[in-house]
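# Structure at a glance
For reference, the chains in residue letters:
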Amino acid sequence: MAEYEAIIIRVISTSIAEVFVYRWGEILYPTVVAEVEGTWWLVMIGLDSIMETAFPPENPATYLANLRFQRLGTLEELGL
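Just so you know, these numbers come straight off a predicted model, no measurement behind them. (Residues numbered from 1 in each chain as written. Predicted model: local features only at pLDDT ≥ 70, side-chain atom pairs only at ≥ 80, totals over all residues. Heavy atoms only, no water.)

### Some points on the packing of aromatic side chains
Scanning all chains against the criterion turns up six aromatic pairs. Relative to W41, the ring of Y4 lies with its centre 6.2 Å away and its plane at 65 degrees, an arrangement referred to as edge-to-face. Placement of the pair is Y4 in helix α1 (residues 2-12) and W41 in strand β3 (residues 39-45), with a sequence separation of 37 residues. The exposure class assigned to W41 is buried, which follows from its relative accessible area of 12%. An aromatic cluster is built from F20, Y22, Y29, F55, Y63 and F69, whose rings are joined through pairwise contacts. (Phe/Tyr/Trp six-rings, centres within 6.5 Å; stacked < 30°, edge-to-face > 60°. Helix = DSSP H or I, 4+ residues; strand = E, 2+ residues; numbered from the N terminus. Buried < 20%, exposed > 50% of the residue type's maximum accessible area, 1.4 Å probe, protein only.)

Laid out in structure tokens, this is it:
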């Protein structure tokens, strides 16, 4: 569990991590994606600041090509 939490922290604190918004109906989920030790990880957070899920998508490019995802920029570009 500690390793999983460490990966999540690395993803959400990497300045070049990509930020997306995932839309499920009327609900928006901020999503942060970054590479950690050669593997791309996705961290999805609710608007209530509670983490919904974190996992390494099998094919990140295909996964993020879903029209429900909208890219906003990097954490650095967004000033986060």
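### A closer look at the side chain of T31
By the element assignment, T31 lies in strand β2 (residues 27-36). Within the structure, the side chain of T31 is placed 3.1 Å from the backbone oxygen of Y29, a separation counted as a polar contact. T31 has contacts with E18, V19, F20, Y22, L42, V43, M44 and F69, leaving out every residue within four places of it along the chain. (Polar contact = N/O pair within 3.5 Å; in protein donor to acceptor, adjacent residues only side chain to side chain. Contact = heavy atoms within 4.5 Å.)

### Some remarks on a nonpolar patch on the surface
On the surface, a nonpolar cluster with roughly 290 Å² of combined accessible area is contributed by L72, L78 and L80. You can see L72 is positioned in strand β5 (residues 69-74). Under the relative-accessibility criterion, L72 is labelled partly exposed at 41%. (Patch = residues over 30% accessible without salt bridge, like charges linked within 9 Å, V, L, I, M, F, W, Y side chains within 5 Å. Areas by Shrake-Rupley, 256 points an atom, 1.4 Å probe, with all protein chains shown as cover. Salt bridge = Lys/Arg side-chain N within 4 Å of Asp/Glu carboxyl O.)

### Quick notes on the pattern of salt bridges
In total, this model carries three salt bridges according to the counting rule given. Linking R10 and E37 is a salt bridge whose minimum nitrogen-to-oxygen distance equals 3.2 Å. Taken together, the positions of R10 in helix α1 and E37 in the loop between β2 and β3 put the pair 27 residues apart, joining distant regions of the chain. Taking the relative accessible area as the measure of exposure, R10 reaches 40% and is therefore partly exposed. Its relative accessible area of 70% is what places E37 among the exposed residues. Residues E18 and R71 are paired through a salt bridge, measuring 2.4 Å at the closest nitrogen-oxygen approach. Of this pair, E18 sits in strand β1 (residues 18-24) while R71 sits in strand β5, and the two are 53 residues apart along the sequence. Overall, E18 belongs to the partly exposed group, its relative accessible area being 24%. Connected through shared salt-bridge partners, E18, R71 and E77 make up one network.

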